[in-house]
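Each chain, written out:
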Amino acid sequence: MSLEQATHDHWANDAALTTLVPAARFVTGYVQGELSSPHATLARESTVPKVRTSNRTIDDVLLRFDVWSDDLDEAKQIAALVTARFDRQSFAADGCSDDDCTVIRMRKTNQVEQQDTQSSAWQITLTFLAVAARAIGA
């Protein structure tokens, strides 16, 4: 199981967060077609290996969450919930072993707000650095 799947599982298990952005409107990568507002995307910006043992690696992974909403207050509320859910947290995907999809620690490194000039939708970009363990070959 991947870090992205573990992140999706962690999102899906937060009632307050999924009330505003259901798990079905939190996608990895680019949005294909139309997605109702509000919605969020997840992207892996970079992966830097830190430690390698015979059976696993510990990586620094830069993740970007983009929150989209037609309303700035709503976007800020979602961003605050994302921060509360992921900043300074450790987690693993449901049902995975500790060696293949564990976030040892995640911390927020940046947040930027901007309004799209064409659609007038608000985008809040949150960047997190995750220290993540994965099994060799996973």
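Residues numbered from 1 in each chain as written. Predicted model: local features only at pLDDT ≥ 70, side-chain atom pairs only at ≥ 80, totals over all residues. Heavy atoms only, no water.

Enquirer: For this particular structure, what's the right way to read the packing of aromatic side chains?
Expert: We describe a pair of aromatic rings using the distance from one ring centre to the other and the angle between the two ring planes. Within this structure, the stated rule accounts for 7 aromatic pairs. Geometrically, the ring pair formed by Phe65 and Phe128 is edge-to-face, given 5.2 Å between the ring centres and 75 degrees between the ring planes. Separated by 63 residues along the polypeptide, Phe65 in strand E3 (residues 56–69) and Phe128 in strand E6 (residues 122–135) bring together distant segments of the chain. You'll find Phe65 and Phe128 in the same group, each marked buried. (Phe/Tyr/Trp six-rings, centres within 6.5 Å; stacked < 30°, edge-to-face > 60°. Helix = DSSP H or I, 4+ residues; strand = E, 2+ residues; numbered from the N terminus. Buried < 20%, exposed > 50% of the residue type's maximum accessible area, 1.4 Å probe, protein only.)

Enquirer: Help me understand helix H3 (residues 72–86) in this model?
Expert: One turn of the α-helix equals 3.6 residues, which is why residues spaced by three or four share an orientation. Helix length check: H3, at 15 residues, gives a terminal C-alpha distance of 21 Å against a target of 21 Å (1.5 Å per residue), a fit within 8%. Taken together, the buried positions of H3 are occupied by Ala75, Ile78, Ala79, Val82, Thr83, Arg85 and Phe86. Taken around the axis of H3, the buried residues stretch over an arc of 165 degrees, which confines them to a single face. Facing away from the buried side of H3 by more than 90 degrees, the exposed set consists of Asp73 and Ala84. Looking at the packing, one finds that the buried side of H3 touches helix H1 (3–12), helix H2 (15–20), E3, strand E4 (89–92), strand E5 (102–115) and E6. (Expected span 1.5 Å × (residues − 1). Arc of directions from axis to C-beta. Contact = heavy atoms within 4.5 Å.)

Enquirer: Just to check I follow, could you spell out the pairing of E3 for this structure?
Expert: Remark: a regular strand shows side chains that alternate across the two faces of the sheet. The buried fraction of E3 amounts to 10 of the 14 residues, a majority that puts the element mostly inside the structure. Across 12 bridges, the pairing between strand E2 (residues 39–52) and E3 is antiparallel. Within E3, the position partnered with Ser46 by the bridge is Leu62. Once E2 ends, the chain turns through 3 residues before running back antiparallel as E3. (Pairing = 2+ DSSP bridges.)

Enquirer: Explain the nonpolar core to me, please; I cannot follow it from the model alone.
Expert: One recurring pattern in soluble globular proteins is that nonpolar side chains are buried together. Within the largest apolar cluster, 28 residues are counted, with the highest numbers of intra-cluster contacts made by Trp11, Phe65, Val82, Phe86, Met106 and Leu126. Put simply, the parts of the chain that give this core at least two residues each are H1, H2, E2, E3, H3, E5 and E6. If near-sequence neighbours (up to four positions away) are discounted, Phe86 is found in contact with Thr7, His10, Trp11, Leu17, Phe65, Phe91, Met106 and Phe128. (Core = buried A, V, L, I, M, F, W, Y, C linked by side-chain atoms within 4.5 Å.)

Enquirer: Just checking my understanding: could you explain unusual backbone geometry for this structure?
Expert: For residues that are not glycine, phi is negative in most cases, and the peptide bond is trans in most cases. Look at the link from Ser37 to Pro38: it is a cis peptide, with omega at 0 degrees. Residue position: Pro38 is located in the loop between strand E1 (26–28) and E2.

Enquirer: Sorry if this is basic, but what is going on with the environment of His8 here?
Expert: Inspection of the secondary structure puts His8 in helix H1. Linking His8 and Val27, residues 19 residues apart in sequence, is a C-alpha distance of 8.2 Å. Ignoring sequence-local partners within four residues, the contact set of His8 consists of Phe26, Val27, Thr28 and Leu42.

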